[in-house]
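# Residue-level structural notes
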Amino acid sequence: MKRILMHLAGAVVLVAGLSGCMSANYYTEQGTLITQDTIDLFNTNPNNPIIPYSKGKATYNAYPWASEKHQQWLSEQPKRNANDEMALAANYWLHDGGMPPLDITVTRQTPKSSVGTIATVVVTTLGCTFSLCLVPMVAPQQFDTTIEMRSEGELVYSAKAHYRGTVFMSWFPLGKLRGTQKITDAAWYATFFSHEEKLTRNIVAEEPLYDSLKKSKDTDKLAAALDNPQLKFYRPLVSARLAEVLAGQKRNERLKAYAAIIEKHPEFAGDIQGNERLLFVGPADLRVLDVLKQTYRKRSAPAMSASIKAAGQPYALFTPEESSWLTREGLPADVVAAMIEASEPKAAPNAVPVNLVAGVAPGGQAGAQPVASNTLEATATECSKAYAAKKVCETMPGDPFGLLMRGCMAQVKKKFGGSGCSIF
């Protein structure tokens, strides 16, 4: 027994000394062998990206079974956590922009070792020990990984893939890849290739459906396609085509169509061409178009502004040009201002104002009273709002003599006149 323990201890030392003599073979689920050539090809492949989405966040959970402390350590080790490799894979799969972003998460499941796997490792480790590793130590590996792709919170695609490998410890390299880091990289790329093989099949299967839609002018057909579960990866392109076709219709018809589509697919608002997309900004029950309809029905601007502030849901930080367009559409300037105010970032509840500084008396002594001074950022924000409000006043509709404009400007001066903005 003592002799066996000594040999096992020697095996540990030997394994440590031979770590640079490890070699391995890794295979994808379809049996593709991972070599350094295939890895290099993956990173420099000149083909077009295969998924019609733009780059979002890419994450690899390589060791989800590890402790929180170990996970934190791994996050600081790029060569061990595979997130850099995951980012390279995402760059290869996705477009540079102009489409909805796609977040990709790959998670490696807890490995399950069979009796045969454990027996192989034990027997070959003893053989390596007694032969000074002339007989190789063999460690079979098998992993299942899952991939999830989400766009704006919606699950676009999910799948499970399997990869396998064998690590050898011997003076003679039996595997195609040699060296600790190369072996680790091969395991990561076995994951990516396994999922890519499935991704490619799914995307190719969608292409005939997309080809039948990409030149269609039938809005009903295009709108129905957005509900088709077989259309996942090409849905953004079909959505953009639908918006393009609707842009050529009469205004009343297209606004009605926009509203119906957005009821099911809120993300469609981003594809609407021109400023009309602004009409569909805001919370589901109080979008800009809903507010506009209520003002047409004689609901007062103060009442609408109060409803918007009470809801506390963001719209957008409209530019002066966008604000001007909205007022020309009939939205009261006060309501536009309320929407902008509701969209501004909220300060932390316990934040200490950074612009509160102690006054300094002559001689370097601190004064008894603090002095509040506007920071450059606060002043810039107020001036931006003042400028936007001024532009709204200047484009008041139905005001040939400028009476409404003067009244509007008086309100703007009253509200922003003390902010230090020299725009009047």
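Please read these numbers as outputs of a predicted model, since none were measured by experiment.

Any aromatic ring pair is given by two values, namely how distant the centres are and how the planes are angled relative to each other. Across all of its chains, the model carries 13 aromatic pairs by this definition. Note on Tyr63 and Trp65: the rings are 5.6 Å apart at their centroids and 80° apart in plane angle, and the pair reads as edge-to-face. When the ring of Tyr189 is compared with that of Phe192, the centres are 5.5 Å apart and the planes differ by 85°; the resulting orientation is edge-to-face. Taken together, the residues Tyr189 and Phe192, both in helix 7 (residues 180-211) and three residues apart, mark about one turn of the helix. An aromatic cluster of three or more residues is present, and its members are Tyr26, Tyr60, Tyr63, Trp65, Phe143, Tyr163, Trp188, Tyr189, Phe192 and Phe193. Across from the ring centre of Phe143, 4.2 Å away, lies the NZ or CZ of Arg108, which sits over that ring. The ring of Tyr27 is capped by Arg164, whose NZ or CZ atom sits 4.4 Å from the centre of that ring.

Quick look at the pattern of salt bridges now. With the rule as written, the count across this model stands at ten salt bridges. For Glu329, the salt bridge is made with Arg251, and the minimal N-O distance between the two is 2.4 Å. Taken as a pair, Glu329 in the loop between helix 13 (320-328) and helix 14 (333-343) and Arg251 in helix 10 (residues 251-264) lie far apart in primary sequence, 78 residues in all. For Arg251, a relative accessible area of 32% translates into the label partly exposed. Between Glu276 and Arg254 there is a salt bridge, and its shortest N-O distance comes to 2.8 Å.

All right, on to the pairing of strand 4 (residues 101-108) then. Relative to strand 4, strand 3 (residues 54-61) is paired through six bridges, and the arrangement is parallel. Among the inter-strand pairings, Asn61 is bridged to a residue of strand 4, identified as Thr107. Bridging between strand 4 and strand 5 (residues 137-151) involves six bridges; their strand directions are antiparallel. Note that in strand 5 the partner of Ile104 across the bridge is Met149.

Bringing a nonpolar patch on the surface into the picture now. A surface patch of nonpolar side chains, amounting to about 550 Å² of accessible area, comprises Leu132, Leu134, Trp171, Phe172 and Leu174. Mapping Trp171 onto the fold places it in the loop between strand 6 (154-169) and strand 7 (177-178). For Trp171, a relative accessible area of 43% gives the class partly exposed.

So, on to the nonpolar core. Ranked by internal contacts, the top residues of the largest apolar core, which has 88 residues, are Tyr26, Ile51, Trp93, Ile104 and Met149. Of the residues forming this core, the biggest block, eleven residues, is contributed by helix 7. With sequence-adjacent residues up to four places away left out, Met149 is seen in contact with Ile51, Trp93, Leu102, Asp103, Ile104, Glu154, Leu155, Val156, Tyr157, Leu199 and Phe233. Formed by five residues, the second largest nonpolar core is a distinct cluster that contains Cys393, Cys408, Met409 and Val412.

All right, on to the side chain of Glu322 then. With respect to the secondary-structure elements, Glu322 resides in helix 13. Of note is the side chain of Glu322, whose polar atom sits 3.0 Å from the backbone nitrogen of Thr319. Glu322 has contacts with Asn275, Arg277, Leu278 and Leu317, leaving out every residue within four places of it along the chain.

Right, let's get into the pairing of strand 5. The side chains of a regular strand alternate between both faces of the sheet. Where strand 5 and strand 6 come together, 15 bridges link them in antiparallel fashion. Residue Phe143 lies in a different strand from strand 6, and its bridge partner there is Tyr163. Hairpin connection from strand 5 to strand 6: two residues lie between these consecutive antiparallel strands, with Glu152 at a positive phi of about 55°.

Per-residue pLDDT for the protein chain has a mean of 79; in total, 77% of the residues score no lower than 70. In this model, residues 4-19 is a region of pLDDT below 50 whose contacts with residues beyond four sequence positions or in other chains number 13 contacts. Within the model, pLDDT remains below 50 along residues 351-380, and this stretch shows 26 contacts once partners closer than five positions in the same chain are excluded.

On to the packing of helix 5 (residues 83-93) against helix 7, then. For any two helices packed against each other, the geometry is given by the interaxial angle and the distance between the axes. Contact pair helix 5 / helix 7: the axes reach a minimum separation of 10 Å and the direction vectors enclose 30°. Judged on the interaxial angle alone, helix 7 and helix 5 are roughly parallel. Like other packed secondary-structure pairs, helix 5 and helix 7 cross with a definite hand, here right-handed. Only Asp185, Trp188, Tyr189, Phe192, Glu196 and Leu199 of helix 7 make contact with helix 5, whose side of the interface consists of Glu85, Met86, Leu88, Ala89, Tyr92 and Trp93. Here the residues of the contact of helix 5 with helix 7 sort into nine nonpolar, no polar and three charged.

This next bit is on the packing of helix 9 (residues 235-246) against helix 10. For the pair helix 9 and helix 10, interaxial distance at closest approach is 10 Å and the crossing angle is 160°. Taken as axis vectors, helix 9 and helix 10 run roughly antiparallel relative to one another. Residues Leu242, Ala243 and Leu246 of helix 9 form the contact with helix 10, whose own contacting residues are Arg254, Ala257, Tyr258 and Ile261. Class assignment of the residues belonging to the contact of helix 9 with helix 10 gives a composition of six nonpolar, no polar and one charged.

Moving on, we come to the state of the cysteines. Taken as a whole and judged by the stated rule, the model has one disulfide. Put simply, Cys128 and Cys133 are joined by a disulfide, and their sulfur atoms are 1.7 Å apart. When the S-S torsion is 55°, as for the bridge of Cys128 with Cys133, the disulfide is right-handed. We classify Cys133 as buried; its relative accessible area is 0%.

Scoring rules and cut-offs
- Residues numbered from 1 in each chain as written.
- Predicted model: local features only at pLDDT ≥ 70, side-chain atom pairs only at ≥ 80, totals over all residues.
- Heavy atoms only, no water.
- Phe/Tyr/Trp six-rings, centres within 6.5 Å; stacked < 30°, edge-to-face > 60°.
- Helix = DSSP H or I, 4+ residues; strand = E, 2+ residues; numbered from the N terminus.
- Lys NZ or Arg CZ within 6 Å of the ring centre and 35° of its normal.
- Salt bridge = Lys/Arg side-chain N within 4 Å of Asp/Glu carboxyl O.
- Buried < 20%, exposed > 50% of the residue type's maximum accessible area, 1.4 Å probe, protein only.
- Pairing = 2+ DSSP bridges.
- Patch = residues over 30% accessible without salt bridge, like charges linked within 9 Å, V, L, I, M, F, W, Y side chains within 5 Å.
- Areas by Shrake-Rupley, 256 points an atom, 1.4 Å probe, with all protein chains shown as cover.
- Core = buried A, V, L, I, M, F, W, Y, C linked by side-chain atoms within 4.5 Å.
- Contact = heavy atoms within 4.5 Å.
- Polar contact = N/O pair within 3.5 Å; in protein donor to acceptor, adjacent residues only side chain to side chain.
- pLDDT = per-residue confidence, 0-100.
- Axes fitted to C-alpha atoms, helices over the stretch in contact; angles between N-to-C directions.
- Parallel < 35°, antiparallel > 145°, perpendicular 65-115°, else oblique.
- Left-handed = near helix turned anticlockwise from the far one by under 90°.
- Nonpolar A, V, L, I, M, F, W, Y, C, P; charged D, E, K, R; others polar.
- Disulfide = S-S within 2.5 Å.

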